[in-house]
There are 2 protein chains.
Amino acid sequence: MSKPYKGFEPKWIKTAAPKDSYRSIFRWGDPDFVKYPKEGLYKMMKEIFKMTDDDFKQYANDVGLDSVSLDIPSNISEEHLTALRKIVGDAYVSTGDYDRLSVAYGKTAYDLLRMRENRYENLPDAVVYPDTAEQVEQIVKYCTDNNIPLYVYGGGSSVTRGVEPVKGGISLDMRLRFNKVISFNETDQTITVQAGMSGPKLEETLQNAETLFGAKRAYTCGHFPQSFEYSSVGGWVVTRGAGQNSTYYGTIADIVLQQKYATPIGKIVTSHYPREATGPDLNQIMMGSEGTFGVLTEVTLKVRRRMPENRKRFSYIFKDWETAMEAGREMMQCECGFASVFRLSDPEETNLMLRLYNVDETPLWQLLDVTGYKDMERCLFLGFTDGEKGFSANVAKNIKRIAKRYGGMSLTSFVCKSWEKGRFNDPYLRDTLMDFGVTTDTLECTVNWSNMAQVHRDVRKVCHALPNTIVTTHMSHCYPQGANLYFIFITKMNSADEFKAYHTSILDAIQKSGAAISHHHGIGKMFAPWLEGYIGQREYEVFRVLKNYFDPKYNMNPGGTIGLDLPEEEKRFLIPKEKE
Amino acid sequence: MSKPYKGFEPKWIKTAAPKDSYRSIFRWGDPDFVKYPKEGLYKMMKEIFKMTDDDFKQYANDVGLDSVSLDIPSNISEEHLTALRKIVGDAYVSTGDYDRLSVAYGKTAYDLLRMRENRYENLPDAVVYPDTAEQVEQIVKYCTDNNIPLYVYGGGSSVTRGVEPVKGGISLDMRLRFNKVISFNETDQTITVQAGMSGPKLEETLQNAETLFGAKRAYTCGHFPQSFEYSSVGGWVVTRGAGQNSTYYGTIADIVLQQKYATPIGKIVTSHYPREATGPDLNQIMMGSEGTFGVLTEVTLKVRRRMPENRKRFSYIFKDWETAMEAGREMMQCECGFASVFRLSDPEETNLMLRLYNVDETPLWQLLDVTGYKDMERCLFLGFTDGEKGFSANVAKNIKRIAKRYGGMSLTSFVCKSWEKGRFNDPYLRDTLMDFGVTTDTLECTVNWSNMAQVHRDVRKVCHALPNTIVTTHMSHCYPQGANLYFIFITKMNSADEFKAYHTSILDAIQKSGAAISHHHGIGKMFAPWLEGYIGQREYEVFRVLKNYFDPKYNMNPGGTIGLDLPEEEKRFLIPKEKE
């Protein structure tokens, strides 16, 4: 990916993870793709993390090259296995070590570090590969009747321990067969898919709608989370995910038209109308349930016309964070329409990004300093517009006008293109660094414009309480009333427990700051302790009455998911109940 | 409003309704405003309704000029009254006939006809005028502790019997005092108001934000239902209302940021962030509860910059309904941004509207016929754009381009301006006609583009099963996936029971057609029998478990509202349970 090192180069693992290896499970995505830091970044990291070349001469943990072989028995009876085989077919029930491990963890650093520590804590007893919604309905019924915990693995990119089968039982691996198109409706601009449909397969389908469905044109869903390549439609929906283009396309909560669930009390089908005045909104009740009310089987998504030829890329540099936030707010409130990607980096992230894009090796770096856009004060703002030609051009024109008014200097579309090149593959770099005990992870929250500066300050302060740490922040997923703040930290850290303690300190800070504890990552089991404290006790109880209705025996994604069966003592209430 | 009649003119009641009269209660809004048909329309109606001048020589029912004096005792104990007076102040609890009657009915023809028949069926025992959210919380607690039914009257424009106190008890009249601004936040572009805030007062406040709050500019909420002048923010929210400009501004479900409720189990406060991934969406659970979970006390609304100078008005005439729907769909799906008002009339409505706007008295009427836009085939499409200048212009430009492609002929902005002039005062005309036994009412539903033609045909067929009836339909409140279909009928009808039977036959047709039984009128008590059949039984039960949580004693808006305490035998299930 970059020029050869002049000095010492660590033995970055550049080969594909061996098939059937642990590494093939915990490593991100495409086994043949590798990303490692260029020399300048490597030097910078050593400096910040107080590490030396010696730290990069041996791997810091088990990099997982062995074949998976576990000594963890499957505790499911032959009778149950026979029943499950009868539902899905003999070939589609597995108790093999590799299959079980491959659906046990998500992608938070806590998961990856545990695997590198050989801590294989929670495995399903069996993995089932359903083919149809009817099969899932039968499985849910069987598990309910027989009190078997049921988990779902969609794409596996959860960073909240959302998929982890902490009570054992069965995990449905949706990747193999539950990934089909059910129907495409060009008149209504919708597509109905099975919940295991992957992001890339969905986009490929929509972009080839002319060939596949005889459609008049190509479409897009507009949902591109960073995890896009290894995420599933079902995962997007049940966690209320958002893609990087959500400022224009909306979060998945805006994109979903209809959902179908297999729940312990039977099938639940929501409305397929864009708006209605028929009581509480069932679509918005089911989204966010994260598998605790039942298994999402089919989803109807709104699709949009794909017109990449109209895209206008932009990037600007602002003198400081406060001014840049003001400019962003003005762009979101001026009624000109919204950009698609709309992302503002704070000074520390700007420093890192400009290095990643090799701007530090160009005269621009100095030029910026000299013209008053000083390193560690300046803020990078980038993105692009989508939509019909005139719409897209008008949004870009207004962004340009406002950026200029707030002292922004255009960096042309180069920086945005650099960002686009790397937008889905940062997780690969993370794996490479982790081999040497350098851990990267992220946390994010929603803020209003009026508390954005305060939350940014408060949360970063806690992140930086860990010395020798890079903490970068950006604002993205914007609204006229606020935005998402996204925190990324990179630090020398090689222990799952150490990570968990750090993660906890940051979530504590987010809850104390008053921000919403997740804008789009969801809650899972890892964020659950903070949920009731954020939502409010009386308000949170609503989730529990819904759970009691759909899954009274608590077999659906049990073990603390969205806090429903979380022990009282694990809950964290850190904000004064001012809401009361 | 129009030229003097040349022939016989009925004795339209043009004077203000006497203060304290029945008429002042059942008549729409401003007592000094009157609207009556021009001579051409009067003639047309006589023809269609098979009526003669003789039918217009005497009033057909009790036009309500007497002072209110009822013989219906208030069944509330002095002890309760004392307790309530202690909460709100002595002057703010009333058991007077006028006060009780004035909050007992909404504005469906069923309400108006019952009043004209002197059928005063359901009155509250007392009316309470709260001042603060804390008072409402105390009242809810008191009513819960003492098993007193509690109703809320916001603006009174309900057409679903939503406000009717069918179990007696207490009605909160929000108009007098519960209409204050709590706070205005220009940074986040939000305003927080008490739920009794009226539409006009809200807009006046926002449009004068510079003076009132020292804001930088004027704002608007963008929510203008036809009932605007006599509707309340609380009513909009709990029923999931939509304004005529919702294609751009969204329905109230999109405009609300945060809600505060006083429920029997205590105060419920929802999130104030635009999006989050923290479980089911509590804002969308509370909206649509129509007072059955508790009383909405405060609402935070998103506000928008008011820039009427950028508005572009348009109107086009299309040759037929099918082509016009296609054009509308293309406009909504082309990704150019949305118009604010976006309204397409079917042939029968087009005929009536062109008459209302006096086009039948101009050469245009003939010209249209001659050029292939034939009466009773042609469809009128009108609206205007809002937003930033370039955005607004781009939307209008695309609408023009698409209209042209589908054979639309521009009628300039004149027709749209005529529509705007009458947009809020059609209800006055309704009252005037009702004095002579001519009844007007509306029903509406949500459709997708793919079933729009079928629903339009099926529902109109049932509407027209009543002979001598004008039935007009328009598509409005549009989305890329569908729209609202709005049916208006005008007929010779002078009996509440006859109206109810007709209304039932239309709702049956809507449910059978598969459309959503309400896009923005809500459910109330009148539409409740159809709700479970539409939502699905297992899905509907979710509403009941929420009710059981918030109001286990069923004292909040009891008597069938959104079907929660509706007797099984009153429910209507008319569609095959294909969802199952």
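Per chain, residue numbering runs from 1 following the sequence as it is written. Chains and ligands are labelled by the order in which they are written, letters from A for the one and numbers from 1 for the other. Only residues with pLDDT of at least 70 are given local features in this predicted model, and only at 80 or more are side-chain atom pairs given and counted; all residues enter the totals for whole chains, interfaces and linings. To get the side-chain values, all heavy atoms of the structure are used, and hydrogens and water are removed first.

Colleague: Please clarify how the overall build of chain A should be interpreted in this entry.
Modeller: Scanning chain A for helices and strands turns up 22 helices and 18 strands. Here the C-alpha atoms of chain A give a radius of gyration of 24 Å, agreeing with the 25 Å that 2.2 N^0.38 yields for 580 residues. Projected onto the principal axes, the alpha-carbon positions of chain A cover approximately 75 × 60 × 55 Å. With a 1.4 Å probe rolled over the protein chains alone, any residue whose accessible area is under 20% of its type maximum counts as buried; one over 50% counts as exposed, and the rest are partly exposed. Here chain A, with 580 residues, has 66% of them falling under the buried criterion. The contact criterion used throughout is that any non-hydrogen atoms of two residues lie within 4.5 Å. The contacts of chain A with a sequence gap of at least 6 include a subset with a gap of at least 24, amounting to 76%. Only carbon and sulfur atoms are counted for the fraction: they give 50% of the accessible area of chain A, which is about 19800 Å². Charged side chains in chain A number 71 positive and 74 negative. The centres of these two groups are separated by 5 Å. By definition, any uninterrupted DSSP run of H or I lasting at least four residues is a helix, any uninterrupted run of E lasting at least two residues is a strand, and each is numbered from the N terminus. The atom set for the radius of gyration is the C-alpha atoms, and the globule formula is 2.2 Å times the number of residues raised to the power 0.38. Each accessible area value is a Shrake-Rupley result obtained with a 1.4 Å probe; residue values ignore everything except the protein chains displayed when judging cover. Only four residue types enter the tally: Lys and Arg on the positive side, Asp and Glu on the negative side, with His and both chain ends excluded. A charge is said to be at NZ when it belongs to Lys, at CZ for Arg, at CG for Asp and at CD for Glu.

Colleague: It is not clear to me how the sheet that holds strand 13 (residues 341–345) of chain A should be interpreted in this structure. Could you clarify?
Modeller: Remark on secondary structure: sheet strands pair via backbone hydrogen bonds, oriented parallel or antiparallel. All names here are of chain A. Ordered by their spatial adjacency, seven strands build an open sheet running 15-12-14-13-17-18-16, and the pairing between neighbours is antiparallel. The strands lining the two open edges of the sheet, one partner per strand, are strand 15 (409–410) and strand 16 (438–448). Axis definition: a line fitted to C-alpha atoms, over the contacting stretch in the case of helices. Angles run 0 to 180 degrees between N-to-C directions. Sheet strands in contact with helix 16 (residues 389–405) are strand 12 (312–318), strand 13 and strand 14 (379–385), and its direction is about 10° off that of strand 12. With respect to the sheet, helix 19 (residues 452–463) is in contact with strand 16, strand 17 (469–479) and strand 18 (482–492), its orientation differing from that of strand 18 by roughly 15°. When DSSP locates at least two bridges between a pair of strands, those strands are taken to pair.

Colleague: How should I be thinking about the relation of the copies chain B and chain A in this particular structure?
Modeller: Superposing the two chain copies requires a rotation about an axis and a translation along that axis. A least-squares fit on C-alpha atoms brings the copies together, and the residues used are those whose pLDDT is at least 70 in both copies. Least-squares fitting of chain B to chain A yields an RMSD of 0.0 Å, with the superposition described by an axial translation of 0.0 Å and a rotation of 180°. What the rotation and shift describe, once combined, is the action of a two-fold rotation axis. A symmetric contact is evident, with 100% of the interface residues of chain B recurring at the interface of chain A.

Colleague: Help me understand helix 6 (residues 133–145) of chain B in this model?
Modeller: Because each turn of an α-helix spans 3.6 residues, side chains separated by three or four positions in sequence point in the same direction. All names here are of chain B. To estimate how far a helix should reach, multiply one less than its number of residues by 1.5 Å. Along its 13 residues, helix 6 runs 18 Å from first to last C-alpha, staying within 8% of the 18 Å computed at 1.5 Å per residue. If you check which residues of helix 6 are buried, you get Ala133, Gln135, Val136, Ile139, Val140, Tyr142, Cys143 and Thr144. Directly beyond the C-terminal end of helix 6, a positive phi value near 55° is found at asparagine 147.

Colleague: Honestly, the side chain of arginine 305 of chain A in this entry has me stumped. Any pointers?
Modeller: Here arginine 305 of chain A lies in strand 11 (residues 304–305). Overall, the relative accessible area of 7% leaves arginine 305 of chain A in the buried class. Among the polar contacts listed, one links the side chain of arginine 305 of chain A to the side chain of glutamine 189 of chain A, at a separation of 3.2 Å. Within 3.5 Å is the distance limit for a polar contact, defined as a pair of N or O atoms, with the added protein rule that one can donate a hydrogen and the other accept it, and that residues adjacent in sequence qualify only through two side-chain atoms. Here glutamate 330 of chain B takes part through its side chain, which lies 2.9 Å from a polar atom of the side chain of arginine 305 of chain A. In this view, arginine 305 of chain A contacts Gln189, Arg217, Ala218, Tyr219 and Thr220 of chain A together with Glu330, Gln333, Cys334 and Glu335 of chain B; residues no more than four positions away in its chain are not counted.

Colleague: I'm lost on the interface of chain B and chain A in this one. Help?
Modeller: As a measure of interface size, the accessible area lost when the parts come together is often cited. With 87 residues of chain B in contact, the opposing surface of chain A contributes 87 residues. Summing both partners gives a buried area of about 7100 Å² for chain B against chain A, and 54% of it is carried by carbon and sulfur. Note on terms: buried area is the combined drop in 1.4 Å-probe accessible area of two parts once they are placed together, counting the loss on both. Contact with chain A buries area across many residues of chain B, yet Tyr273, Arg275 and Glu335 of chain B alone supply 11% of it, more than any other trio. Here a salt bridge means any side-chain nitrogen of Lys or Arg lying within 4 Å of a carboxyl oxygen belonging to Asp or Glu. On inspection of chain B and its partner chain A, the count reaches six salt bridges. One salt bridge connects arginine 305 of chain B with glutamate 330 of chain A, and the closest N-O pair in it is separated by 2.9 Å. The tally of links from chain B across to chain A stands at 54 residue pairs in polar contact (both at pLDDT 80 or more). Looking at the side of chain B that touches chain A, the elements with two or more residues in it are strand 9 (266–269), helix 12 (282–286), strand 11 (304–305), helix 13 (321–333), helix 16 (389–405), strand 16 (438–448), helix 21 (528–535) and helix 22 (537–550) of chain B. A total of nine residues in the side of chain B that touches chain A trace back to one element, the largest contributor, which is helix 22 of chain B. Amino acids are sorted into nonpolar (Ala, Val, Leu, Ile, Met, Phe, Trp, Tyr, Cys and Pro), charged (Asp, Glu, Lys and Arg) and polar (every other residue, Gly among them). Tallied by class, residues from the side of chain B that touches chain A come to 36 nonpolar, 31 polar and 20 charged.

Colleague: Mind showing me how you'd approach the side chain of lysine 46 of chain A here?
Modeller: All names here are of chain A. Tracing the sequence through the fold places lysine 46 in helix 2 (residues 39–49). Assessed through its relative accessible area of 16%, lysine 46 is described here as buried. Not counting residues within four places of it along the chain, the set of residues in contact with lysine 46 comprises Met51, Thr52, Asp53 and Phe56.

Colleague: Any chance you could explain the pairing of strand 9 (residues 266–269) of chain A here in plain terms?
Modeller: Residues and elements named next belong to chain A. Bridging between strand 8 (residues 256–263) and strand 9 involves four bridges; their strand directions are antiparallel. In the sheet register, lysine 260 faces strand 9, and the bridge partner there is valine 269. Between the antiparallel neighbours strand 8 and strand 9 lie two residues.

Colleague: Just to check I follow, could you spell out a positive patch on the surface for this structure?
Modeller: Patches in this entry comprise residues that are over 30% relatively accessible and not in a salt bridge; like charges within 9 Å are linked, as are nonpolar side chains (Val, Leu, Ile, Met, Phe, Trp, Tyr) within 5 Å. A contiguous patch of positive charge on the surface is contributed by Lys312 and Lys389 of chain A together with Lys397 and Arg401 of chain B. Examined against the element boundaries, lysine 397 of chain B turns out to sit in helix 16.

Colleague: Is there a simple way to explain the nonpolar core in this structure?
Modeller: As used in this record, nonpolar core signifies buried Ala, Val, Leu, Ile, Met, Phe, Trp, Tyr and Cys residues forming a set joined through side-chain atoms within 4.5 Å. By size, the foremost hydrophobic cluster in this structure holds 279 residues, and its most contacted members are Leu202, Leu301 and Met475 of chain A together with Leu202, Leu301 and Met475 of chain B. Beyond its immediate stretch of four places on either side in the chain, methionine 475 of chain B contacts Trp321, Gly328, Phe342, Arg343, Leu344, Trp449, Met452, Ala483, Asn484 and Leu485 of chain B.

Colleague: What am I meant to see in helix 22 (residues 537–550) of chain A here?
Modeller: The first and last C-alpha atoms of helix 22 of chain A sit 20 Å apart over 14 residues, in line with the 20 Å expected at 1.5 Å per residue. Every buried residue of helix 22 of chain A is listed here: Glu539, Tyr540, Val542, Phe543, Arg544, Val545, Leu546, Lys547, Tyr549 and Phe550 of chain A.

Colleague: Honestly, the pattern of salt bridges in this entry has me stumped. Any pointers?
Modeller: Here the idea is simple: oppositely charged side chains can pair when their charged atoms come close. Within this structure, the stated rule accounts for 80 salt bridges over all chains. Here arginine 572 of chain A makes a salt bridge to aspartate 508 of chain A, at a shortest N to O gap of 2.7 Å. Of the two residues, arginine 572 of chain A is situated in the segment after helix 22 and aspartate 508 of chain A in helix 20 (residues 496–513); the sequence distance between them amounts to 64 residues. The salt bridge partner of aspartate 360 of chain B is lysine 38 of chain B, with a shortest N-O separation of 3.3 Å.

Colleague: Could you clarify how one ought to interpret the environment of proline 130 of chain A in this entry?
Modeller: Residue and element names in this part refer to chain A. Note on placement: proline 130 falls in the loop between strand 2 (126–128) and helix 6 (133–145). C-alpha separation for the pair proline 130 and glycine 89, spaced 41 residues apart in sequence, amounts to 8.8 Å. Ignoring anything within four residues of it in the chain, the contact list for proline 130 reads Val88, Gln135, Val136, Ile139, Leu172, Asp173, Met174, Arg177 and Phe178.

Colleague: Whenever I open this one, the packing of helix 19 (residues 452–463) of chain B against helix 20 (residues 496–513) of chain B confuses me. Can you help?
Modeller: Each packed pair of helices is defined by two parameters, the angle between the axes and the distance between the axes. All names here are of chain B. The contact between helix 19 and helix 20 brings their axes to 9 Å, and the two run at 160°. What the angle tells us is that helix 19 and helix 20 run roughly antiparallel. For the element pair helix 19 and helix 20, the recorded crossing hand is right-handed. Of the residues in helix 20, those touching helix 19 at Gln454, Val455, Asp458, Val459, Val462 and Cys463 are Tyr502, Ser505, Ile506, Ala509, Ile510 and Ser513. Here roughly perpendicular refers to angles of 65 to 115 degrees, roughly parallel to angles under 35, roughly antiparallel to angles over 145, and oblique to all remaining angles. Whether a crossing is left-handed or right-handed is set by the direction in which the near helix is turned from the far one by less than a right angle, anticlockwise for left-handed and clockwise for right-handed.

Colleague: I tried to follow the sheet that holds strand 1 (residues 93–94) of chain A on my own but got confused; where do I start?
Modeller: All names here are of chain A. Overall, mixed pairing links the four strands, which are arranged 1-2-4-3 in an open sheet. Across the chains shown, the open sheet's two edge strands, defined by having one partner strand only, are strand 1 and strand 3 (150–153). When strand 1 meets strand 2, the two strands line up antiparallel, connected through two bridges. For serine 94, the partnering residue across the bridge sits in strand 2 and is valine 127.

Colleague: What is the right way to read the packing of helix 22 of chain A against helix 22 of chain B from this model?
Modeller: It is at 10 Å that the axes of helix 22 of chain A and helix 22 of chain B come closest, and there the two elements cross at 140°. As summarised for this structure, helix 22 of chain A and helix 22 of chain B are arranged oblique, according to the angle between their axes. Along this stretch, helix 22 of chain A crosses helix 22 of chain B, giving a crossing that reads as right-handed. Counting all contacts with helix 22 of chain A, which are made through Arg538, Glu541, Val542, Val545, Leu546, Tyr549 and Phe550 of chain A, the residues of helix 22 of chain B involved are Arg538, Glu541, Val542, Val545, Leu546, Tyr549 and Phe550 of chain B.

Colleague: Could you clarify how one ought to interpret the packing of aromatic side chains in this entry?
Modeller: Any pair of aromatic rings gets described here by the distance separating the centres and the angle formed by the planes. Here the aromatic set is Phe, Tyr and Trp, taking the six-membered ring for Trp, and pairing holds for ring centres within 6.5 Å; pairs whose planes are under 30 degrees apart are stacked, those over 60 apart are edge-to-face, and all others are tilted. For the structure on display, the rule yields 57 aromatic pairs over all chains. Measuring from ring centre to ring centre gives 5.2 Å for tyrosine 59 of chain B and phenylalanine 436 of chain B, while their planes differ by 50°; the resulting arrangement is tilted. You can see tyrosine 59 of chain B sitting in the loop between helix 2 (39–49) and helix 3 (78–88) and its partner phenylalanine 436 of chain B sitting in the loop between helix 18 (426–434) and strand 16, a full 377 residues away along the chain. Through successive ring pairs, a cluster of aromatic residues spans Tyr5, Trp12, Tyr36, Tyr42, Phe56, Tyr59 and Phe436 of chain A. Definition used: whenever NZ (Lys) or CZ (Arg) falls within 6 Å of the ring centre and also within 35 degrees of the ring normal, the charge is taken to sit over that ring. Here the guanidinium or amino end of lysine 57 of chain A rests over the ring plane of phenylalanine 8 of chain A, the centre of that ring lying 5.3 Å away. Looking at arginine 378 of chain A, its charged tip hangs above the ring of tryptophan 365 of chain A, at a distance of 4.6 Å from the centre.

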